[in-house]
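Architecture at a glance
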Amino acid sequence: MTMQLYVWSPALDAPSIDPKCIVVEAYLRLLEVNFTIVYANDPQCSPTGELPLLKDGTTWVAGVDRILAHLAKRGLDGNRELSPEQKAEYLAYSAMTEEKLMDCMLFTWYADMTNFVKNIRPTYAKILSFPSRYLVPIQLKKNAKARLAKYSVEITDDDKGLPQNEVEEMKELQRSGWHYMYRLARETYAVLDSQLADKPFMFGERPSTLDCVVFGYLALHLYPNLAHRRLQHILINEYPRLASYCDRVKERFFSTEQSQSEAAQDIPSLWRTFCNNPRAFFSNIKQDAMAYMGNSDAQDKPKKSDAQLEFERKRIWSIAGGVTFLLAYVIYNGIVSVEFGDEDDEDVEYEMDYEEDEMYDDEEDVDL
């Protein structure tokens, strides 16, 4: 059966604007899985509010770690030929790559205001629909600010404008942690370059899961032609072996276009669940919240792992965000209007325009 992979679209001369989407697509290509691509460009189509999202038969799996684990359980393991020692090294290198290279990318995209205003924000505006094109870049910037707080990185607000000259810009970047973040990038590149050495791939002659992970993040350092291409410059001039490695992996996995398909009808998005079965929608919110916070029956149930708790936390916030956005959209477009009478009239009249929709009492089960 053909799988479906829901991802962010290609952008900035990279296979996707999101490194995790690149990782999973490269992984499926590595294992020669029969799959099609859906350029969703909407995290709200996922029950956890994140892409990539994989449809495998009737099973939906969201998030790169859960997708890789799901495929490995099915015998689709990119590390099957590695030794136990190499598998341990994979975990270490993968964790380092996902944390440090992601942080460096976020810094160049969002702390560097010139890159954000001239490249990142317009790119998202092209691939997103209204009104997401105005909301998503701002939210991503806030997320980056929160994530980079551990480095004491300063990310300015949009309304402060661009620096007027190069000297002013350099002073601003230095205040925002410029020296430290690019030193972090060089240190991470050096570790990966040492592991690669003269081999074609990270663990030898054949690619593995680590190559998918490393390429997914390095691709968005090397290929985007930003206004300030400092990461690209460092890779090409100081670590040319890594730059050539990226080109080699890209040629191996992304030389041909993957077949595209239409989104499935049973996609477990927030909007679909709300429209088809509001009762089940709000019931799921209640159940997820109670499961995450714990209740009186929790003693009779097995303790959940950190991964399960993290999944439930993301689902709760994703659902809450979807409801908030829906209400804001409804009010903004006048679907719901509020009319106030005279000062002596304390009654408030609500008018709602809607079409008759079929209501389903049976809750749909989604296997995640």
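In short, a report on the structure. Residue positions are given per chain, counting from 1 as you read along its sequence in written order. In keeping with the predicted nature of the model, local features appear solely for residues at pLDDT of at least 70, side-chain atom pairs appear and are counted solely at 80 or more, and the whole-chain, interface and lining totals rest on all residues. Hydrogens and water molecules were not included; the side-chain quantities draw on all heavy atoms of the structure.

A few points about the state of the cysteines
By disulfide we mean two sulfur atoms from cysteines, separated by a distance within 2.5 Å. Going through the model one piece at a time under the given rule, you end up with 0 disulfides. With no disulfide of its own, Cys-45 has Cys-21 as its nearest cysteine by sulfur position, at a separation of 9.7 Å.

A word on the side chain of Ser-16
Strands here are runs of E lasting at least two residues and helices are runs of H or I lasting at least four, both read from the DSSP assignment and numbered beginning at the N terminus. Relative to the assigned elements, Ser-16 resides in the loop between β1 (3-7) and α1 (19-30). Three exposure classes are used, based on accessible area relative to the maximum for each residue type with a 1.4 Å probe and protein chains only: buried under 20%, partly exposed in between, and exposed over 50%. Overall, Ser-16 belongs to the buried group, its relative accessible area being 1%. Counted as a polar contact is a pair of N or O atoms within 3.5 Å, where, for protein atoms, one must be capable of donating a hydrogen and the other of accepting one, and residues adjacent in sequence contribute only when both atoms are in side chains. Among the polar contacts listed, one links the side chain of Ser-16 to the backbone nitrogen of Asp-18, at a separation of 3.2 Å. Not counting the four nearest positions on each side in its chain, Ser-16 is found in contact with Trp-8, Ser-9, Pro-10, Ala-11, Cys-21, Ile-22 and Leu-220. It only takes one pair of heavy atoms within 4.5 Å for two residues to be counted as in contact.

Looking at the pairing of strand β3 (residues 53-56)
Two faces make up the sheet, and in a regular strand the side chains alternate between them. Burial along β3 is two-sided: the residues Leu-53 and Lys-55 and Leu-54 and Asp-56 are all buried. Between any two strands, at least two bridges found by DSSP are needed for them to pair. Looking at chain direction, β1 and β3 are connected through 3 bridges and run antiparallel. Among the inter-strand pairings, Tyr-6 is bridged to a residue of β3, identified as Leu-53. Where β3 and strand β4 (residues 59-62) come together, 4 bridges link them in antiparallel fashion. Within the sheet, the bridge partner assigned to Lys-55 lies in β4 and is Trp-60. Hairpin connection, β3 to β4: the antiparallel pair is bridged by 2 residues, and Gly-57 has positive phi, about 70°.

Regarding the pattern of salt bridges
When a carboxyl oxygen of Asp or Glu lies within 4 Å of a side-chain nitrogen of Lys or Arg, that pair is called a salt bridge. Considering all chains together, one arrives at 11 salt bridges under this definition. As a salt-bridge pair, Lys-150 and Glu-99 come within 3.3 Å of each other at their nearest N and O atoms. In this pair, Lys-150 is assigned in the loop between α5 (132-147) and α6 (166-175) and Glu-99 in helix α3 (residues 84-111), connecting sequence segments 51 residues apart. Judged by its relative accessible area of 49%, Lys-150 is partly exposed. Residue Glu-99 is classed as partly exposed on the basis of its relative accessible area, which comes to 37%. The salt bridge involving Asp-112 is made with Arg-230; its shortest N-O contact spans 3.3 Å. Of this pair, Asp-112 sits in the loop between α3 and α4 (113-127) while Arg-230 sits in helix α9 (residues 230-238); the two residues are 118 residues apart in sequence, bridging distant segments of the chain.

A closer look at the sheet that holds β1
Spatial strand order, β2-β1-β3-β4: 4 strands in an open sheet with mixed pairing. Bordering the open sheet on either side are β2 (35-39) and β4, each of which pairs with just one other strand. The mean angle between the axes of side-by-side strands here comes to 20°, regardless of whether they run parallel or antiparallel. Between N-to-C directions, angles span 0 to 180 degrees; the directions come from axes that are lines fitted to C-alpha atoms, helices contributing only their stretch in contact.

With respect to the nonpolar core
Trp-8, Trp-109, Tyr-110, Tyr-124, Tyr-189, Leu-242 and Tyr-245 are the most contacted members of the largest nonpolar core, which has 92 residues in total. With 12 residues, the single largest contributor to this core is α3. If sequence neighbours within four positions are ignored, Tyr-110 has contacts with Phe-116, Ile-120, Tyr-124, Pro-137, Leu-140, Lys-141, Ala-144 and Ile-155. Definition of nonpolar core: a set of buried residues of the types Ala, Val, Leu, Ile, Met, Phe, Trp, Tyr and Cys, connected through side-chain atoms within 4.5 Å.

What about helix α2 (residues 64-73)?
Taken as a whole, α2 has its buried residues at Val-64, Ile-67, Leu-68, His-70 and Leu-71. Viewed along the axis of α2, the buried residues span an arc of 160°, placing them on a single side of the element. For α2, exposure combined with an orientation more than 90 degrees from the buried face picks out Asp-65 and Lys-73. On its buried face, α2 sits against β1, α1, β3, β4, α3 and α8 (209-222). Think of the arc as the fan of directions from the helix axis to the C-beta atoms.

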